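Tertiary structure, described
What follows is each chain in one-letter form.
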Amino acid sequence: MGTAIVKTPEQLREWRARLLERVHMSKETLYDLGRDFELRADERSVYEMVRSIDYLLGDDD
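Quick caveat: nothing in here was measured; it's all calculated off a predicted structure.

Turning next to the packing of helix H2 (residues 27-35) against helix H3 (residues 41-57). One can describe the packing of H2 onto H3 by two numbers: an axis separation of 10 Å at closest approach and a directional angle of 115°. Here H3 runs roughly perpendicular to H2, going by the angle between their axes. Relative to H3, H2 is oriented so that their crossing is left-handed. For the pair formed by H2 and H3, the contact residues are Lys27, Leu30, Tyr31, Gly34 and Arg35 on the first element and Glu43, Arg44, Val46, Tyr47, Val50, Arg51 and Asp54 on the second. In terms of residue class, the contact of H2 with H3 is built from 5 nonpolar, 1 polar and 6 charged.

What follows is the structure, encoded as C-alpha cells:
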C-alpha cells in the first residue's frame, strides 16, 4: 500500500514556490522549457512536481 502525503492548498503553494526558487525560474518559464524538452534532469524533476502540485490545486494548464 502506498503512502499519502496530506498538505493544505497553502502548503502546496509554498512548496511550489520553493521548488521554483530552487531552479531560479518563474512557473511560466519552467512550463515553456518543459514543454519544449529543454530542461536538465534536475529541472525536469521540478517541472513534473510543479505540474503535479498545479493539478492538485486545479491550476493545471
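For the rest of this paragraph, the subject is the packing of aromatic side chains. All told, the structure shown has 1 aromatic pair when counted by the stated rule. Here the aromatic rings of Tyr31 and Tyr47 are separated by 5.7 Å at their centres, their planes lie at 75°, and the arrangement is edge-to-face. Placement of the pair is Tyr31 in helix H2 and Tyr47 in helix H3, with a sequence separation of 16 residues. Both residues of the pair, Tyr31 and Tyr47, belong to the buried class.

Conventions we followed
Within every chain, residues take consecutive numbers counted from 1 along the sequence as written. Side-chain atom pairs in this predicted model are given and counted only at pLDDT of 80 or more, local residue features only at pLDDT of at least 70, and totals for whole chains, interfaces and linings cover all residues. Side-chain metrics in this entry use all non-hydrogen atoms of the structure; hydrogen atoms and water are not considered. Lines fitted to the C-alpha atoms define the axes, with helices restricted to the stretch that makes contact. Angles between their N-to-C directions range from 0 to 180 degrees. Strands are runs of DSSP state E lasting at least two residues, helices are runs of H or I lasting at least four, and both sets are numbered from the N terminus onward. Any angle that falls under 35 degrees is termed roughly parallel, while one over 145 is termed roughly antiparallel, one within 65 to 115 roughly perpendicular, and all others oblique. Crossings are sorted by hand: turned counterclockwise from the far helix by less than a right angle, the near helix makes the crossing left-handed, and turned clockwise it makes it right-handed. Between two residues, a contact is recorded if the distance between any of their heavy atoms is within 4.5 Å. In the scheme used here, Gly and all other residues not listed as nonpolar or charged are polar, with Ala, Val, Leu, Ile, Met, Phe, Trp, Tyr, Cys and Pro taken as nonpolar and Asp, Glu, Lys and Arg as charged. A pair of aromatic rings is counted whenever rings of Phe, Tyr or Trp (Trp by its six-membered ring) have centres within 6.5 Å, and the orientation is called stacked for planes under 30 degrees apart, edge-to-face for over 60 and tilted otherwise. Between buried and exposed lies partly exposed: a residue is buried under 20% and exposed over 50% of the maximum accessible area for its type, with that area taken using a 1.4 Å probe on protein chains only.

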